[in-house]
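Listed below are the residues making up each chain.
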Amino acid sequence: EDKVVQSPLSLVVHEGDTVTLNCSYEVTNFRSLLWYKQEKKAPTFLFMLTSSGIEKKSGRLSSILDKKELSSILNITATQTGDSAIYLCAVFNFGNEKLTFGTGTRLTIIP
Amino acid sequence: SQTIHQWPATLVQPVGSPLSLECTVEGTSNPNLYWYRQAAGRGLQLLFYSVGIGQISSEVPQNLSASRPQDRQFILSSKKLLLSDSGFYLCAFTSGGASYNEQFFGPGTRLTVL
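Residues numbered from 1 in each chain as written. Chains lettered and ligands numbered in written order. Predicted model: local features only at pLDDT ≥ 70, side-chain atom pairs only at ≥ 80, totals over all residues. Heavy atoms only, no water.

**Re the interface of chain B and chain A**
It is common to give the size of an interface as the accessible area lost on bringing the parts into contact.
Part 1 of the reasoning: In this assembly, 21 residues from chain B lie in contact with 20 residues from chain A.
Part 2 of the reasoning: Between chain B and chain A lies a buried interface of about 1,600 Å² when both sides are counted; carbon and sulfur atoms form 59% of it.
Part 3 of the reasoning: The interface formed by chain B and chain A contains one salt bridge.
Part 4 of the reasoning: On the surface where chain B and chain A come into contact, there are three residue pairs in polar contact (both at pLDDT 80 or more).
Part 5 of the reasoning: Broken down by secondary-structure element, the contributors of at least two residues to the side of chain B that touches chain A are strand 4 (32–38), strand 5 (44–52), strand 9 (87–94) and strand 10 (104–105) of chain B.
Part 6 of the reasoning: It is strand 4 of chain B that contributes the most residues to the side of chain B that touches chain A, four residues altogether. (Contact = heavy atoms within 4.5 Å. Buried area = accessible area lost by both parts, 1.4 Å probe. Salt bridge = Lys/Arg side-chain N within 4 Å of Asp/Glu carboxyl O. Polar contact = N/O pair within 3.5 Å; in protein donor to acceptor, adjacent residues only side chain to side chain. Helix = DSSP H or I, 4+ residues; strand = E, 2+ residues; numbered from the N terminus.)

Spelled out as structure tokens, the structure:
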């Protein structure tokens, strides 16, 4: 059974700090790893990673995949209160065509 | 542009009552469609997915069912709700039938069963 573990479960930091969120996975037929941000309602897509070592960047957010270590990190620099959310990691198994989600990291930014 | 709609946004239903949640997608054809449930403090649990009209795969045994009567319409149903059916239900799609693409989520339905 595919498995995604995210750490930490929750994180509280001050505005302006930099945070690193972790995601590790076990999947039989890895195709891609995805990051989502979930505020009050539906998750919104952040990144999809398929190749090891290639950083994807969007503003203050960046992410990288390490296929050897079966993990990914999501970095947020100069955090703002609007970054407060649950960040979800998911992996796609191309054998059964399913996306397996982790339980998420709840990030709280204190002004 | 591609959009996904879900309704209702919130629903409070008594135990034993029926359920029908609807999801529609616009701006893409032949999408893969998914129903997830998110219980409080837990991750997203895949309930059903569909790669085409009338094709439904069920992930977990439960008293819910899904149907896809049209290419861009996905319905989640129950004949008799249980307390444990409470949760946040999300519909998602991948465009063009390519299941390995990123999934986009609808706004969700928060269901409370009393």
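**Digging into the state of the cysteines**
Part 1 of the reasoning: Going through the model one piece at a time under the given rule, you end up with two disulfides over all chains.
Part 2 of the reasoning: Each sulfur in the disulfide pair A:Cys23 and A:Cys89 lies 1.9 Å from the other. Between A:Cys23 and A:Cys89, the S-S dihedral sits near -70°, and the bridge is therefore left-handed. Taken as a pair, A:Cys23 in strand 3 (residues 19–26) and A:Cys89 in strand 9 (residues 85–93) lie far apart in primary sequence, 66 residues in all. Each member of the pair A:Cys23 and A:Cys89 is classed as buried.
Part 3 of the reasoning: Across a sulfur-sulfur distance of 2.0 Å, B:Cys23 and B:Cys91 are joined as a disulfide pair. In this structure the cystine formed by B:Cys23 and B:Cys91 twists about its S-S bond by roughly -75°; its chirality is therefore left-handed. Linking B:Cys23 in strand 3 (residues 19–26) with B:Cys91 in strand 9, this pair joins segments that are 68 residues apart in sequence.
Part 4 of the reasoning: For B:Cys23, a relative accessible area of 1% translates into the label buried. (Disulfide = S-S within 2.5 Å. Buried < 20%, exposed > 50% of the residue type's maximum accessible area, 1.4 Å probe, protein only.)

**What about the environment of A:Tyr87?**
Residue and element names in this part refer to chain A.
Part 1 of the reasoning: Positionally, tyrosine 87 belongs in strand 9.
Part 2 of the reasoning: Exposure remark for tyrosine 87: the relative accessible area of 0% places this residue in the buried category.
Part 3 of the reasoning: Taking C-alpha positions, tyrosine 87 is 7.1 Å from tryptophan 35, a pair spaced 52 residues apart along the chain.
Part 4 of the reasoning: When residues no more than four places from it in sequence are discounted, the contact partners of tyrosine 87 are Gln6, Leu21, Tyr36, Lys37, Leu46, Leu74, Ile76, Gly104, Thr105 and Leu107.
Part 5 of the reasoning: A polar side-chain atom of tyrosine 87 sits 2.7 Å from the main-chain carbonyl oxygen of aspartate 83.

Fair warning: the whole summary comes from geometry, so function is off the table for now.
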